[in-house]
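Commentary on secondary and tertiary structure
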Amino acid sequence: MKKIRFTAIIISIVMLTSLFAGCAERNRATQNAEENLTKDTKVLVVYFSWSGHLDSMAHWIADETGGDIIRVLAKDEYPESYNDTANRAKKEKDDGVRPAINVSLTTEQMEKYDTVFIGFPVWWYDLPMTMWTFLESVDLSGKTVIPFFSHEGSSDGASSLSTIKTLAKGADVKTGDAISIRGSKVADSEKDVRDWVKGLGYSK
Ligand SMILES: Cc1cc2nc3c(=O)[nH]c(=O)nc-3n(C[C@H](O)[C@H](O)[C@H](O)COP(=O)(O)O)c2cc1C
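Scoring rules and cut-offs
Residues numbered from 1 in each chain as written. Predicted model: local features only at pLDDT ≥ 70, side-chain atom pairs only at ≥ 80, totals over all residues. Heavy atoms only, no water. Buried < 20%, exposed > 50% of the residue type's maximum accessible area, 1.4 Å probe, protein only. Helix = DSSP H or I, 4+ residues; strand = E, 2+ residues; numbered from the N terminus. Right-handed = clockwise from strand over helix to strand, strands pointing away. Axes fitted to C-alpha atoms, helices over the stretch in contact; angles between N-to-C directions. Parallel < 35°, antiparallel > 145°, perpendicular 65-115°, else oblique. Left-handed = near helix turned anticlockwise from the far one by under 90°. Contact = heavy atoms within 4.5 Å. Nonpolar A, V, L, I, M, F, W, Y, C, P; charged D, E, K, R; others polar. Phe/Tyr/Trp six-rings, centres within 6.5 Å; stacked < 30°, edge-to-face > 60°. Lys NZ or Arg CZ within 6 Å of the ring centre and 35° of its normal.

Digging into the pairing of strand β2 (residues 68-72)
The buried fraction of β2 is high, at 4 of 5 residues. Between the parallel pair strand β1 (residues 43-48) and β2, the chain is carried across by helix α2 (residues 53-65), and the sense of this crossover is right-handed.

Section: the packing of α2 against helix α7 (residues 190-199)
Helix-helix packing is described using two parameters, namely the angle between the two axes and the distance between the axes. For the pair α2 and α7, the least separation of the axes is 9 Å and the interaxial angle reads 45°. One element, α2, and the other, α7, form an angle in the oblique class. Two packed elements cross with a definite hand, and for α2 against α7 that hand is right-handed. Contacts between α2 and α7 involve M57, W60, I61, D63, E64 and T65 on the former and, on the latter, E190, V193, R194, W196, V197 and K198. For the contact of α2 with α7, the residue count by class is 6 nonpolar, 1 polar and 5 charged.

With respect to the packing of aromatic side chains
On inspection of all chains with the given rule, the structure shows 7 aromatic pairs. Centre to centre, the rings of F48 and Y78 are 5.9 Å apart; their planes meet at 75°, and the pair counts as edge-to-face. Within this pair, whereas F48 is found in strand β1, its partner Y78 is found in the loop between β2 and α3 (82-95), the two being separated by 30 residues in sequence. Judged by its relative accessible area of 3%, F48 is buried. Through successive ring pairs, a cluster of aromatic residues spans F48, Y78 and W123. Looking at R88, its charged tip hangs above the ring of Y78, at a distance of 3.9 Å from the centre.

See the structure below:
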């Protein structure tokens, strides 16, 4: 009996330790988002991802282009539960909330880029509000913006592409070049994503 109790305590400690380690890792990512923008490149890949599809797509694009990559996170992270996230995202959209995010890029930091790939999952037929926050915070004038996104039915991005056009003031937003991949197909789409980058002439 004692042994079982001891084993249970050890398992709990290990689980708690890894939980806190995970939190620390996420917080580091939140605080130091701009530290990785160090490559000699004119391409920046910026994305938001909740369940990981855009994370995969963004990394393939960054690898294929040789570009810098940065992940937008809500400072108040979205819950792990789908329903809770869906409810919060709906309320944020209905109320026009701009959630605080981890990324803050100055005009000087943006100077080296001439093309910005913007990635997002379609949320409630539009951009997630974190990306509204990002697009309103950054100076994209004079740059080429290329959207990439994932969905579970809104294959044309619903309102998201016209939202990017409105928010990315002064940018040349290539909505016609955007790539759209159903969430359930993302895992098998690395070649499609890389071929898309090549076709646009951005392969390194
Ligand atoms: C809060 C929320 C809202 C969503 N709204 C839509 C939607 O309006 N249209 C759609 O096609 N898919 C919608 N989806 C599905 C996501 O766009 C899709 O699962 C995407 O692949 C997720 O990308 P991620 O793994 O990078 O988060 C929604 C998902 C969530 C979590």
